[in-house]
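Coordinate analysis (summary)
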Amino acid sequence: MAKVIVVTSGKGGVGKTTSAAAISTGLAQRGHRTVVIDFDVGLRNLDLVMGVERRVVFDFVNVINDGIRLNQALIKDKRVDNLFILPTSQTRDKDALTREGVERVMEELRAEFDYIICDSPAGIEKGAQMALYFADEAIVVTNPEISSVRDSDRILGLLHSRSRRAELGLDPIRAHLLLTRYDLDRVQRGDMLKLEDVVDILAIPVLGVIPNDPMVLHCSNLGLPVILERKSRAGEAYRDAVARLLGEQVEMRFVKPERRGLLDWLVRRSA
């Protein structure tokens, strides 16, 4: 039976879709049959980040409302075995997602996959609540900024009160913190919250810290999940996060200043 993991955030623009693409790709690379679903009806970005936008014929909403079979809408990734993408509609609104329809799709997917990754819209509106309702675990994506952390705290409240697990009195959704765009220079200057500050506020285990890395934008523009870019520091951090998600003990990198030599200092001084 599959594990359903929602990738969520209280605030937009924190790297949630990038993270959903990277985590799902990483799980598939580790041999787990994985599907990633775009719940952001009307805005649809997951297919772009995954590089499959030209292969979209049918989508999640078509399966729920238009009698399209699930296997007609699923897109198999060409680069990674075991990885599938279920895009959503660009033209419908979020009312097109019904709890009954989503549940039916989830039950079909649970029978075929090891992991179902739900790329949630930001915030607390219907699409976001639909994405988290069926989750077993949650990856809460936040930036080291007080507004982002505060909004993530509100999302944690929804996870513990409006999920199916909460309604049925089951064990609560297991939440993980994924801190993105972490810039040690800005942290040291006091322009960003430290990791410890974020953990104190949210009080959930840290899945990973993703360093600020220009390769993230570069890979997104190419339709390449950054975890596939071997030269990317963010890609390395996402691979570490996937390992932790699978229960492995991995040292937390990118949270302490690197020791720089004279050459590094001269380059930075001349920049």
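Presented here is an overview of the structure given in this document. (Residues numbered from 1 in each chain as written. Predicted model: local features only at pLDDT ≥ 70, side-chain atom pairs only at ≥ 80, totals over all residues. Heavy atoms only, no water.)

**Structural notes on the side chain of Asn 62**
Note on placement: Asn 62 falls in helix α3 (residues 60-65). In this structure Asn 62 comes out as buried when scored by relative accessible area, which is 13%. Residue contacts for Asn 62: discarding those within four places in its chain leaves Val 57, Gly 67, Ile 68 and Arg 92. (Helix = DSSP H or I, 4+ residues; strand = E, 2+ residues; numbered from the N terminus. Buried < 20%, exposed > 50% of the residue type's maximum accessible area, 1.4 Å probe, protein only. Contact = heavy atoms within 4.5 Å.)

**A look at the packing of aromatic side chains**
Applying the stated criterion across every chain, the model contains three aromatic pairs. On the numbers, 5.5 Å between centres and 75 degrees between planes, the contact of Phe 84 with Phe 113 is edge-to-face. Note that Phe 84 is positioned in strand β4 (residues 83-86) and Phe 113 in the loop between α5 (99-110) and β5 (115-119), a separation of 29 residues in sequence. We classify Phe 113 as buried; its relative accessible area is 3%. Seen from their ring centres, Tyr 133 and Phe 134 are 4.8 Å apart, and the 85 degrees between their planes marks the pair as edge-to-face. Each member of the pair Tyr 133 and Phe 134 is classed as buried. Above the face of the Phe 113 ring, Arg 33 is positioned so that its terminal group lies 4.7 Å from the ring centre. The cationic tip of Arg 99 hangs over the ring face of Tyr 133; the distance from NZ or CZ to the ring centre is 3.7 Å. (Phe/Tyr/Trp six-rings, centres within 6.5 Å; stacked < 30°, edge-to-face > 60°. Lys NZ or Arg CZ within 6 Å of the ring centre and 35° of its normal.)

**Here's the deal with the environment of Leu 217**
In this fold, Leu 217 is placed in helix α11 (residues 215-222). Residues Leu 217 and Val 49 lie 168 residues apart in sequence; the distance between their C-alpha atoms is 9.8 Å.

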